[in-house]
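Given next are the chains, with one letter for each unit.
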Amino acid sequence: MKSIPNYALYGEAAPPVWCDLLHVEWIRERSPHYQGEIRPHRHDALLQIFYVRRGSGEVSIENRRMSFAAPCLILLPCRTVHAFSHDQDTDGPVITAVQQPLESMARIVSVELLGLLQRPALIPLSWPADGHEPLWPLLQLLEAEARSEAPRHVAAGLSLLLALLVQISRLAQPADAPRPGQGRRAILLEQFRELVNRQFRQHWPLELYAERLGISAAQLGRICREELGESAMGLINARLMREAQRQLAYTELEIKQIAHALGFRDTSYFSRYFRKQAGIKPSEFRAAFQSVAAAPAAGE
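Residues numbered from 1 in each chain as written. Predicted model: local features only at pLDDT ≥ 70, side-chain atom pairs only at ≥ 80, totals over all residues. Heavy atoms only, no water.

Trainee: How should the overall build of the chain be read in this particular structure?
Mentor: Across its full length, the chain carries 12 helices and 9 strands. Here the chain holds 300 residues, and the buried ones make up 45% of them. A separation threshold of at least 6 residues defines the contact pool for the chain, and within that pool the share at least 24 residues apart is 72%. As displayed, the chain has an accessible area near 15500 Å², and 52% of this comes from carbon and sulfur atoms. (Helix = DSSP H or I, 4+ residues; strand = E, 2+ residues; numbered from the N terminus. Buried < 20%, exposed > 50% of the residue type's maximum accessible area, 1.4 Å probe, protein only. Contact = heavy atoms within 4.5 Å. Areas by Shrake-Rupley, 256 points an atom, 1.4 Å probe, with all protein chains shown as cover.)

Now the structure itself:
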């Protein structure tokens, strides 16, 4: 694989990012074409939610390989590299939606949802998938709107999806769990994440990020430590390393090509940086990932 494919739905060319899209289909509708094996890919503008009601398998999310079993939820924000391998009887609805409108709605009604919309998650569920599960009425309404031709069905569907995301956030974060900061700090952190996503290849100094946010570097560092428990530079390095790891894991690009694409002036500097962050060389990481990916799953 020369590069990580960007799809709308798996196997279909991605539409322009401005295309209004809300789509619901069941796993069984697409998986027979690929024998239950979905190769690594991403969706640059689209969020996906899998509600697995039957079956089991494995999902690769970025650089992690995890087993899943019904019932569970799998949340895949846009730009997340993912792949699936699952049993023939695995089934459940898959929701695909443009992520940007959802983020805009979340900023207005619940800033806390932004974190959920930006982090991949595998959430096991405790209830039986028998038609009486708490999420089922919302999912049925959402599917009906997605398949409807009624006026403003996308708007209605996105509103239902926002309600579904609220329910998912409650499952992912129990009521007694500590809650992230709210108000101006939460907005600043979201703006910081967006800047990092756009500029991490440019290797901006922390001071430039802070300047664009209208605060000092010291303020930015303090907000990150107090709200997220991590330094601002740690977040920048984590984003750069995530992209480096996904390119090493899921593409056949040479290491020097990856280094250049990530803004490093030479391969040696990239290798030293990668080793400092990960503890191993890029070539060793690629070899280790390929070894894990090639290993048969438990029970095979």
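Trainee: What should I look at first to understand the side chain of threonine 96 in this one?
Mentor: Within the secondary structure layout, threonine 96 lies in strand 8 (residues 93-98). Reaching out from threonine 96, the side chain makes a polar contact with the side chain of glutamine 48 at a distance of 2.9 Å. (Polar contact = N/O pair within 3.5 Å; in protein donor to acceptor, adjacent residues only side chain to side chain.)

Trainee: In this structure, what is going on with the sheet that holds strand 7 (residues 82-86)? I would like to understand it.
Mentor: Strand pairing in a sheet relies on backbone hydrogen bonds, with the paired strands running either antiparallel or parallel. Spatially, the 4 strands line up as an open sheet ordered 2-7-4-5, and their pairing is antiparallel. Each edge of the sheet is formed by a strand with only one pairing partner; in this case those strands are strand 2 (37-41) and strand 5 (64-69). In this sheet, neighbouring strand axes are inclined to one another by 15° on average, regardless of whether the strands run parallel or antiparallel. (Pairing = 2+ DSSP bridges. Axes fitted to C-alpha atoms, helices over the stretch in contact; angles between N-to-C directions.)

Trainee: Looking at this model, I keep getting lost on the pairing of strand 8. Mind explaining?
Mentor: The side chains of a regular strand alternate between both faces of the sheet. Along strand 8, 6 of the 6 residues are buried, which leaves the element largely enclosed by surrounding structure. Across the two faces of strand 8 the burial is the same, with Pro93, Ile95 and Ala97 and Val94, Thr96 and Val98 all buried. Here 5 bridges tie strand 1 (residues 22-26) to strand 8, and the two strands are oriented antiparallel to one another. Directly across from leucine 22, in strand 8, lies its bridge partner alanine 97. As judged from the 5 bridges shared by strand 3 (residues 46-52) and strand 8, these two strands associate in the antiparallel manner. When the sheet's bridge partners are listed, isoleucine 49 is paired in strand 8 with isoleucine 95.

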